[in-house]
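Examination of the molecular architecture
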Amino acid sequence: GEDFFLYRPNHLLTSTRYQDLAKVTNTVHAALDSGDYLGAIWLESSTSVEETTFWLSLLIDTTVPIVGNAAQRTNRQLSADGPQNIADSVAYIVSRKWADADGKNGMGVVVIEDEQIFAARQIQKSDARPGGFVATGDHGGVLGTMGEPGSLQIYFKPHTRNTWNSEVRLSTLPELVKGVV
């Protein structure tokens, strides 16, 4: 219910600030740590969803999925991509296809855009238009697909550390770090 990173209207456009990422991290971690949720959907501007979801994949200590979404068109503009991305995210979470043999999230944080499931650490906005996300780095980044021509399909499961097995998740960080101001 709070806009951390505004995109439109243009005069309110902001870049992601470290203090906002810290607040987001603490808020999301507290919500998922409660055990009340099967997963989380992170809605954000298409200009920065990949950075925030990568950040969450490193720091949030959770065994449930986090799915990032962005619409390529602004709110209240005619479009179907935003609502469909949210519906696809819900379908992904309730499918439990993300779960490993122990019931933990085996896929890491993902971003679902235009019926593609991307690893959060391998997605990039390449063009300011619908369908403008691509997989970058490593060996791909598209982990599966949603919707037409069939149901949710997982093709690859990443073996990178993230969320509950990340070495920099919140629960492993020291409570206090000395510094110089």
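Our subject is the structure that appears above.
A brief structural summary. As a convention, each chain's residues are numbered from 1 in the sequence order in which they are written. Confidence filtering applies because this is a predicted model: local features only for residues at pLDDT of at least 70, side-chain atom pairs given and counted only at 80 or more, and all residues used for totals across whole chains, interfaces and linings. The side-chain numbers reported here are obtained from all heavy atoms of the structure, hydrogens and water having been left aside.

So, about the packing of aromatic side chains. When the centres of two rings from Phe, Tyr and Trp lie within 6.5 Å, Trp using its six-membered ring, the rings pair. Their planes under 30 degrees apart give stacked, over 60 give edge-to-face, and anything left gives tilted. Applying the stated criterion across every chain, the model contains zero aromatic pairs. Placement of a charge over a ring requires the Lys NZ or Arg CZ to be within 6 Å of the ring centre, with the centre-to-atom vector within 35 degrees of the ring normal. In this structure, K104 is placed above the aromatic ring of W164, and the distance from its NZ or CZ to the ring centre is 4.4 Å.

Bringing the sheet that holds strand 2 (residues 66–69) into the picture now. Strands are treated as partners if at least two bridges between them are detected by DSSP. A run of DSSP states H or I qualifies as a helix once it reaches four residues; a run of E qualifies as a strand once it reaches two. Both are numbered from the N-terminal end. The strand order 1-2-3-4-7-8 describes an open sheet built from six strands, whose pairing is mixed. Unpaired on one side and paired on the other, strand 1 (40–43) and strand 8 (153–154) mark the two borders of the sheet. Where strand 4 (residues 116–119) meets strand 7 (residues 142–145), three bridges bridge the pair, whose relative direction is antiparallel. Note on strand 7: the bridge partner recorded for Q116 is T145.

A separate point is the environment of G39. With respect to the helices, strands and loops of the structure, G39 is situated in the loop between helix 1 (18–33) and strand 1. Residues G39 and N105, 66 residues apart in the sequence, show an inter-C-alpha distance of 9.5 Å. Ignoring sequence-local partners within four residues, the contact set of G39 consists of L32, V64, P65 and I93. In what follows, residue pairs with any heavy atoms lying within 4.5 Å of each other are defined as contacts.

Now for the nonpolar core. Within this scheme, the nonpolar core is defined by two criteria: the residues are buried Ala, Val, Leu, Ile, Met, Phe, Trp, Tyr or Cys, and they are joined through side-chain atoms within 4.5 Å. Exposure categories follow from relative accessible area, calculated using a 1.4 Å probe and restricted to protein chains: below 20% of the type maximum is buried, above 50% is exposed, and the middle band is partly exposed. Counting residues in each nonpolar core, the largest one holds 17 residues, and the members touching the most others are V28, L32, L56, I60 and I66. For this core, the secondary structure elements donating two or more residues are helix 1, strand 1 and helix 2 (49–59). With three residues, helix 1 is the largest single contributor of residues to this core. In this view, V28 contacts W42, I60 and I66; residues no more than four positions away in its chain are not counted. Judged by nonpolar contacts, the second largest core, of 13 residues, contains V67, I93, A119 and L152.

Leftover empty space is mapped by rolling, across the atoms, a probe with the size of a water molecule. The way it works is a 1 Å grid over only the protein atoms, where trapped points that fit a 1.4 Å probe form a cavity and open points with protein on both sides within 12 Å along at least five of seven lines form a pocket, and then any residue with an atom within 4 Å of a point lines it. Grid points are joined across faces, edges and corners, and a volume is the space filled by probe spheres set on the points. The final tally for this structure, using the stated rule, is one cavity of 30 Å³ or more. Roughly 70 Å³ of internal volume is contained in the largest cavity. Every residue along the wall of the largest cavity is listed here: S57, M107, G108, V109, A119, A120, R121, P158, T160, R161 and N162. When residue character is reported, Ala, Val, Leu, Ile, Met, Phe, Trp, Tyr, Cys and Pro are called nonpolar, Asp, Glu, Lys and Arg charged, and the others, Gly included, polar. A class-by-class count of the residues in the lining of the largest cavity yields five nonpolar, four polar and two charged.

What follows covers the environment of L173. When you line up the elements, L173 lands in the segment after strand 8. Sequence separation between L173 and L59 is 114 residues, and the spatial gap between their C-alpha atoms is 9.1 Å. Sequence-distant contacts of L173, that is, excluding residues within four places in its chain, are made with L59 and V168.

Let us now look at helix 1. Spanning 16 residues, helix 1 covers 22 Å between terminal C-alpha atoms, matching the ideal 22 Å at 1.5 Å per step. At its buried positions, helix 1 is contacted by strand 1, helix 2 and strand 2. Within two residues after helix 1, G35 carries a phi angle of roughly 80 degrees, on the positive side. Every helix has an expected span of 1.5 Å times one less than the residues it contains.

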